[in-house]
Amino acid sequence: MQAVRSRDTKPELLVRRLVHASGLRYRVAARPLPDLRRTADMVFRSAKVAVFIDGCYWHGCPEHYVSPKTNSGYWSDKVARNVARDRDTDRQLEKAGWLVLRYWEHASAQSSAAEIIQLVRARRNSQYGTTALG
């Protein structure tokens, strides 16, 4: 399990590269809330947007998750705990006024990045009382 990356995965790097190229800046692998011991893949503090790019195996993707053949009880329980923790994280962040965006690793990096860019800009504009400029 040491070889499993918790950050800087290929899908995450692709999305980050596209979002950065659009001019948006963010924190990488940061805690959205100081008291919450969980990190988001991308954090836009001023807009209160937390982005998670979830791996299909570790987060139980409904399309791609396949229960392992060996020690399946342990791994299935672990993935179920991960999913429960994800939902708890979502609830806590939303309660604090954050927008939580979750994408599967198999999702198109271009469409994920485009949605992130649009939503972050919309939240920033609404905070400052201006309208979105398309």
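Residues numbered from 1 in each chain as written. Predicted model: local features only at pLDDT ≥ 70, side-chain atom pairs only at ≥ 80, totals over all residues. Heavy atoms only, no water.

Colleague: What should I look at first to understand the overall build of the protein chain in this one?
Modeller: For the protein chain, the count of helices and strands is 3 helices and 4 strands. Seen through its principal axes, the protein chain has C-alpha atoms that stretch 55 × 30 × 25 Å. Per-residue burial over the protein chain gives 34% buried out of 134 residues. Counting contacts in the protein chain only where the partners sit at least 6 residues apart, residues at least 24 apart contribute 55% of the total. Carbon and sulfur atoms provide 52% of the accessible area of the protein chain, an area that totals close to 8400 Å². (Helix = DSSP H or I, 4+ residues; strand = E, 2+ residues; numbered from the N terminus. Buried < 20%, exposed > 50% of the residue type's maximum accessible area, 1.4 Å probe, protein only. Contact = heavy atoms within 4.5 Å. Areas by Shrake-Rupley, 256 points an atom, 1.4 Å probe, with all protein chains shown as cover.)

Colleague: Is there a simple way to explain helix H2 (residues 72-95) in this structure?
Modeller: Since the α-helix packs 3.6 residues into each turn, any two residues three or four apart lie on the same face. Between the first and last C-alpha of H2 there are 34 Å, a value that for 24 residues agrees with the 34 Å anticipated at 1.5 Å per step. For H2, every residue scored as buried is listed here: Trp75, Lys78, Val79, Asn82, Asp86, Thr89, Asp90 and Leu93. Backbone geometry just after H2 places Gly97 at a positive phi near 95°. (Expected span 1.5 Å × (residues − 1).)

Colleague: Is there a simple way to explain the pairing of strand E4 (residues 99-104) in this structure?
Modeller: Every regular strand shows the same layout, with side chains that alternate between the two sheet faces. Across 6 bridges, the pairing between strand E3 (residues 49-54) and E4 is parallel. Counterpart to Ala50 in the pairing with E4 is Val100. Each parallel crossover has a hand, and the one from E3 via H2 to E4 is right-handed. (Pairing = 2+ DSSP bridges. Right-handed = clockwise from strand over helix to strand, strands pointing away.)

Colleague: Even after reading the chapter, I still don't get unusual backbone geometry, so can you show me in this structure?
Modeller: The phi angle of most residues is negative, glycine excepted, and most peptide bonds adopt the trans form. Notably, Asp8 is not glycine yet its phi reads approximately 60°, a positive angle. According to the relative accessible area criterion, Asp8 is partly exposed, its value standing at 24%. Phi at Asn71 takes a positive value of approximately 55°, unusual for a residue other than glycine. By the secondary structure assignment, Asn71 is in the loop between E3 and H2.

Colleague: I keep staring at the pattern of salt bridges and nothing clicks. Help me out?
Modeller: For the structure on display, the rule yields 9 salt bridges. Here Arg16 makes a salt bridge to Asp8, at a shortest N to O gap of 2.8 Å. Owing to a relative accessible area of 12%, Arg16 belongs among the buried residues under this scheme. Measuring nitrogen to oxygen at the nearest pair gives 2.9 Å for the salt bridge that ties Arg102 to Asp90. Taken as a pair, Arg102 in strand E4 and Asp90 in helix H2 lie far apart in primary sequence, 12 residues in all. For Asp90, a relative accessible area of 11% puts it in the buried group. (Salt bridge = Lys/Arg side-chain N within 4 Å of Asp/Glu carboxyl O.)

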